[in-house]
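# Commentary on secondary and tertiary structure
These are the residues of each chain, in order.
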Amino acid sequence: MDCVVSEWLWWDRLWLPGNVSWSDLEDSDDRVYAKASHLYATLPCAFCLLLVRYTFERYFATPLANAWGIKDKVRLTAEQNPVLEKYFCSQARNPSQFDVRSLSKKTGWSERKVEIWFRRRRNQERPGLRKRFCEASWRCVFYLFAFCGGIVALYDKPWLYNLKEVWAEFPKQSMLPSQYWYYHLEMGFYLSLLLSLTFDVKRKDFKEQVIHHIATMTLLGFSWVSNYIRIGTLVMAVHDSSDILLEGAKVFNYAKRYQISNAMFVAFTAVFMVTRLVFFPFWLIHCTWVYPLDRFEPFFGYYFFNLMLMVLQILHVYWAFLISRMVYKFIFSTHLEGDVRSDEEEEDSDSPKDKNHKLSHMNGSGARGRANGH
């Protein structure tokens, strides 16, 4: 049974054009091809990156946060109350006014005291500013390193300047050492993000992040096995270019360097719109949809690869909508504050009127946080 499943899974017609078989992609003296077995290296690479991240955040990002005076707010702990704790964990973190009145009767507390308890309880689970600063710093440094590595791997390649060269002699294209390391660095990073999702700051677009990371891992893994490596490296470089600016804007925003943060956010918006809404669909996806048909008939891998690219493009459109909405609000505010994808700190003394004003201000000024860009 296992043999039958394996034969079906690695059936040539699923992965390769009709005139090519796996036997045609055997290594020779002058050619080395990408293989599925190479992907096993992704897991140790992910664990190594988690270790590098821990070291970076502890010995570089944290001292930098100290030097820039980035501090977490002092939080008041919610006192023990089994009734409210059960409601908080099993029903809602932010109860309606009707539920507040009901809980007030059950506990014998005033409605105001119940509201304050829920605010303090929510604050206990919110990540501190220093944690968000350290995470953004790590991602910014990684994307900068990966983008520079991608440029080094691509700058002298003909397919960077002529996309038709992506399919020259496909799929009999030798794997280059630079492509091997570039791929495994990127795949290891996205796998490390999946492994650390439960420990990282949870954003409001958490589900979209999970979909993005899984789609990216699937796309990279499939493109490696099917030898779509040339187009894969181009896709990675396009994504990393704007992510550097996004994470950099967050870093300076958390450090209250608002002028630098605002400038980086403007640059990020421009780069994101050009790379994700123009270059990616009209150059790269066009390259994968149209040019291959001049060389071979469509097969399963052709359709699957393009489907994954379309999933990424849908996410790009979703994030572009959020960015556009935040840019509109940014125009009418003085600077960007916070990351609106994550919960903001609440004050115990806020009245409902003050709280609504505060939330309105934060929603109008936390522009850059809504754009994921991975």
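Residues numbered from 1 in each chain as written. Predicted model: local features only at pLDDT ≥ 70, side-chain atom pairs only at ≥ 80, totals over all residues. Heavy atoms only, no water.

## Comments concerning the overall build of the protein
Secondary structure summary: the protein contains 13 helices and 0 strands in total. Going from the N terminus to the C terminus, the protein shows its helices and strands as α-α-α-α-α-α-α-α-α-α-α-α-α. Across the 374 residues in the protein, those meeting the buried criterion constitute 51%. Long-range contacts, defined here as pairs at least 24 residues apart, represent 82% of the contacts in the protein between residues at least 6 apart. (Helix = DSSP H or I, 4+ residues; strand = E, 2+ residues; numbered from the N terminus. Buried < 20%, exposed > 50% of the residue type's maximum accessible area, 1.4 Å probe, protein only. Contact = heavy atoms within 4.5 Å.)

## What about the packing of helix α3 (residues 42-67) against helix α8 (residues 177-195)?
Interhelical geometry of α3 versus α8 gives an angle of 65 degrees and a closest axis separation of 8 Å. Taken together, α3 and α8 sit at an angle that is classed as roughly perpendicular. α3 and α8 meet at a crossing whose hand is right-handed. The residues of α8 that touch α3, namely those facing T42, L43, C45, A46, F47, L49 and L50, are H184, L185, M187, G188, F189, L191, S192 and L195. Partitioned by chemical class, the residues of the contact of α3 with α8 number 11 nonpolar, 4 polar and no charged. (Axes fitted to C-alpha atoms, helices over the stretch in contact; angles between N-to-C directions. Parallel < 35°, antiparallel > 145°, perpendicular 65-115°, else oblique. Left-handed = near helix turned anticlockwise from the far one by under 90°. Nonpolar A, V, L, I, M, F, W, Y, C, P; charged D, E, K, R; others polar.)

## Quick look at the nonpolar core
Residues V166, F189, Y228, I231, L234 and L284 are the most contacted members of the largest nonpolar core, which totals 66 residues. Mapped by element, the contributors of at least two residues to this core are α2 (12-15), α3, α7 (129-154), α8, α9 (206-225), α10 (229-254), α11 (258-289) and α12 (300-331). Tallying contributions element by element places α10 first for this core, with 10 residues. The next biggest cluster of nonpolar side chains, apart from the first, holds 13 residues, and it includes L246, M264, F272 and W319. (Core = buried A, V, L, I, M, F, W, Y, C linked by side-chain atoms within 4.5 Å.)

## Considering the packing of aromatic side chains
One pass over the structure, following the stated rule, counts 32 aromatic pairs. K113 extends its terminal NZ or CZ atom over the ring of W109, reaching a point 4.4 Å from the ring centre. (Phe/Tyr/Trp six-rings, centres within 6.5 Å; stacked < 30°, edge-to-face > 60°. Lys NZ or Arg CZ within 6 Å of the ring centre and 35° of its normal.)

## Observations regarding a nonpolar patch on the surface
On the surface, I151, V152, Y155, L160 and Y161 cluster together into a nonpolar patch covering about 540 Å² of accessible area. Secondary-structure assignment places V152 in helix α7. Its relative accessible area of 56% is what places V152 among the exposed residues. (Patch = residues over 30% accessible without salt bridge, like charges linked within 9 Å, V, L, I, M, F, W, Y side chains within 5 Å. Areas by Shrake-Rupley, 256 points an atom, 1.4 Å probe, with all protein chains shown as cover. Salt bridge = Lys/Arg side-chain N within 4 Å of Asp/Glu carboxyl O.)

## Topic: the side chain of N306
With respect to the secondary-structure elements, N306 resides in helix α12. We classify N306 as buried; its relative accessible area is 1%.

## Description of α9
Relative to the 28 Å expected for 20 residues at 1.5 Å per residue, α9 spans 29 Å between its end C-alpha atoms, a close match to the ideal helical length. Directly beyond the C-terminal end of α9, a positive phi value near 65 degrees is found at N227. (Expected span 1.5 Å × (residues − 1).)

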